[in-house]
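Overview (structure and organization)
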Amino acid sequence: MKKTVRRGPISQESPEIALEGLLRTELHAFALKAGLEVLGAMFESEREAVCGPRYRHIEGRKAYRAAHAPGEPVLGGRRVRLSRPRAREVGGREVVLPSWRAFTAEDPLGERAYEQMVLGVATRGYGRSLEAVPEGLEARGESKSAVSRRLVAATRAQLEEFLSKPLEGVDLKVLMLVGLHFAEHVVLVALGIDADGRKHLLGLAEGATENAATCLALLASLRERGLRAERSLLVVVDGSKALPKAVREVFGGRALVQRCQVHKKRNVLDHLPKGMRGQVSASLSQAYHGRDPERARRLLMGLARKLEAAYPGAAASLREGLDETLTVMGMGLPASLERTLSSTNVIENLLGTVRGVSRRVKRWRGGGMILRWMAAGLMEAGKGFRRVRAYQGMARLSPALERNDERIDGKLKVEEAA
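Now for a quick tour of the structure. Every chain is numbered on its own, with residues counted from 1 as its sequence reads. Selection of residues for local features in this predicted model requires a pLDDT of at least 70, selection of side-chain atom pairs for listing and counting requires 80 or more, and totals for whole chains, interfaces and linings are taken over all residues. Side-chain metrics in this entry use all non-hydrogen atoms of the structure; hydrogen atoms and water are not considered.

Brief notes about helix 11 (residues 312-319)
- Here's how the labels work: a residue is buried when its accessible area is under 20% of the maximum for its type, exposed when over 50%, partly exposed in between, all with a 1.4 Å probe on protein chains only. Numbering of helices and strands runs from the N terminus, with a helix taken as a DSSP run of H or I at least four residues long and a strand as a DSSP run of E at least two residues long. Among all positions in helix 11, only A314, A315, S317 and L318 are buried. Each buried residue of helix 11 sits inside an arc of 165 degrees when the element is viewed along its axis, so together they form one side.
- Looking at the packing, one finds that the buried side of helix 11 touches helix 8 (261-269), helix 9 (274-288) and helix 10 (293-308).
- Two residues or fewer after helix 11 comes G321, characterised by a positive phi angle close to 65 degrees. The arc in question is the one spanned by the directions pointing from the helix axis to the C-beta atoms. Residues are treated as being in contact if the distance between any of their heavy atoms lies within 4.5 Å.

Here it is as structure tokens:
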């Protein structure tokens, strides 16, 4: 009789893939073990430099060996328990070896936790994202609470750095202000564009609503850090009514305010039934894509009159700040740059990175937490900054700003003479 042999489940991996995984694991374990041996030799070498060679009488010895003690250097994003070589001065004070001080610092842990966060690793899964340590090596610092504490410290440091960076020497021509909603809070984001079309993250401010007080606080902070308010500046804002008011209070006539055309279109369409939105949207686009501000104004006012009887809310929304949606159109800029500076899409694109970094946050615990995550997301987005589209046309923005300065300066002289 033929003997039946019971076989286990067939592996889905080929022998080559299984062997590759095994070799990778073994190689990693070997590299870690070799690294730990090198680390131990480094510590012992530094102790010898302090205490002198072992078993040798040295006149005027300043330190001596003091056996070993347990310690916890940083390895692969966590702390591991190792035996630490000790040295003491002749007077009895502990000598801290330079390499031991470096390998036990908290900074590498905070940096690793922060990097994992921006890559989308949850604090609960932090330990699983790290490389495995050799068997028998005790490790800690991988728990959710430990990682959370390091994240708070790292993001708080990032926020402080972000909000204190000096702005002197940055030749800003454009200031963009946008409010982003997080739970019951609104965070105002300020972005600058210099004469060469380069973007600069400027600041943040948090408030319960997108009101003028929050914007005033943000602008005051920017001025304290070196933002110049005595020269004209193009200020592009979203659909909020409070932002233009605050901007004029700080900059006066030096601020040439441009309302975001995308936000304006959205606000108008929100007052209309779905059946009318396509037609009205096309009319708004026709006006905003023209190069003649007077013609655009006539088209928009005509559209507001058509909407007045049936949809007064839409008509009122269109008329509110209408001229400020056409500010850039009257500056004689190239068409591509005009479209870029007629909306806050430059900032809106950055906010996609912020949402990506913070997507695993389930509950916002106050404005401080929101600001920390916002700063982390914006600084991550800033690593990939490029110059704005059609930046070559920025040279034609400066004359428009200078003409506004001449107009204001001339008006001030007349007032002084009177």
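Overview of the nonpolar core
- For the purposes of this section, nonpolar cores are sets of buried Ala, Val, Leu, Ile, Met, Phe, Trp, Tyr and Cys residues that join through side-chain atoms within 4.5 Å. Ranked by size, the top nonpolar core spans 38 residues in total, and within it L204, L234, L341 and M374 carry the most contacts.
- If one sorts the elements of this core by residue count, helix 14 (residues 367-382) sits on top with six residues.
- Filtering out sequence-adjacent residues up to four positions away, L204 remains in contact with L159, F162, L163, V187, L188, V189, L218, L371, M374, A375 and L378.
- One finds A190, L222, L227 and V235 within the second-largest nonpolar core, a separate group that totals 26 residues.

Brief notes about the packing of helix 10 against helix 11
- Running from N to C, helix 10 and helix 11 cross one another at 160 degrees; their axes reach a closest spacing of 7 Å. In this view, helix 10 runs roughly antiparallel relative to helix 11, as classed from their interaxial angle. When you trace helix 10 past helix 11, the crossing you get is left-handed. Residue-level inspection shows L300, M301, L303, A304, R305, L307 and E308 of helix 10 in contact with helix 11, the latter providing P312, A314, A315, L318 and R319.
- Each residue gets one of three labels, nonpolar for Ala, Val, Leu, Ile, Met, Phe, Trp, Tyr, Cys and Pro, charged for Asp, Glu, Lys and Arg, and polar for the others, Gly among them. Considering only residue class, the contact of helix 10 with helix 11 consists of nine nonpolar, no polar and three charged. All axes are obtained by fitting lines to C-alpha atoms, using only the stretch in contact for helices, and the reported angles, taken between N-to-C directions, cover 0 to 180 degrees. Our angle categories are set so that under 35 degrees counts as roughly parallel, over 145 as roughly antiparallel, 65 to 115 as roughly perpendicular, and the remainder as oblique. Note on convention: the crossing is left-handed when the near helix lies turned anticlockwise from the far helix by less than a right angle, right-handed when the turn is clockwise.

Remarks on the packing of aromatic side chains
- Aromatic contacts are taken between Phe, Tyr and Trp rings whose centres are within 6.5 Å, Trp giving its six-membered ring; a plane angle under 30 degrees counts as stacked, one over 60 as edge-to-face, and the others as tilted. Applying the stated criterion to the full structure yields zero aromatic pairs.
- Our definition puts a charge over a ring when NZ of Lys or CZ of Arg is within 6 Å of the ring centre and also within 35 degrees of the ring normal. The aromatic ring of Y391 is capped on one face by R387, whose charged end is 3.9 Å from the ring centroid.

Some words on the sheet that holds strand 7 (residues 185-194)
- Being paired, for any two strands, means DSSP has found at least two bridges between them. Reading across the sheet, the five strands line up as 8-7-6-9-10 and stay open at both edges, with mixed pairing between neighbours. Strands with a single pairing partner mark the edges of an open sheet, and in this sheet they are strand 8 (199-207) and strand 10 (255-259). Within this sheet the neighbouring strands show an average axis-to-axis angle of 20 degrees, counted without direction.
- Here strand 9 (residues 233-237) runs beside strand 10; their pairing, made up of five bridges, is parallel. Bridging across to strand 10, L234 finds its partner in L256.
- Strands in contact with helix 6 (residues 212-224) are strand 6 (172-182), strand 7 and strand 8; relative to strand 8, the strand with the most contacts, it is inclined by about 140 degrees.

Things to note about the side chain of R86
- In this structure, R86 sits in strand 4 (residues 82-89).
- Here a polar contact is taken to be a pair of N or O atoms separated by no more than 3.5 Å, where protein atoms must pair a possible hydrogen donor with a possible acceptor and residues adjacent in sequence count only if both atoms sit in side chains. Looking at R86, its side chain comes within polar contact range of the side chain of E94, at 3.1 Å.
- Beyond its immediate stretch of four places on either side in the chain, R86 contacts R47, R65, A66, A67, H68, A69 and E94.

Some points on the pairing of strand 7
- Within strand 7, nine of the ten residues are buried, which leaves it mostly tucked inside the rest of the structure.
- Looking at chain direction, strand 6 and strand 7 are connected through ten bridges and run antiparallel. The residue of strand 7 that forms the bridge with L180 is V187.
- Between strand 6 and strand 7, which follow one another and run antiparallel, lie two residues, and A183 among them has a positive phi close to 55 degrees.
- Alignment of strand 7 against strand 8, held across eight bridges, turns out to be antiparallel. Bridge pairing in strand 8 places V187 opposite E206.
- The antiparallel pairing of strand 7 with strand 8 creates a hairpin that spans four residues between the two strands, and G197 there sits at a positive phi of about 85 degrees.

Considering the packing of helix 8 against helix 11
- Look at helix 8 against helix 11: their axes get within 8 Å of each other, and the N-to-C directions meet at 165 degrees. Looking at the two axes, helix 8 sits roughly antiparallel to helix 11. The two elements helix 8 and helix 11 meet at a crossing, and its hand is right-handed. Residue-level inspection shows K264, N267 and V268 of helix 8 in contact with helix 11, the latter providing A314, S317 and L318.

Quick word on the environment of M379
- Locating M379 in the fold gives a position in helix 14.
- Along the backbone, M379 and L159 are 220 residues apart, and their C-alpha atoms lie at a distance of 9.5 Å.
- Sequence-distant contacts of M379, that is, excluding residues within four places in its chain, are made with Q158, E161, F162 and L201.

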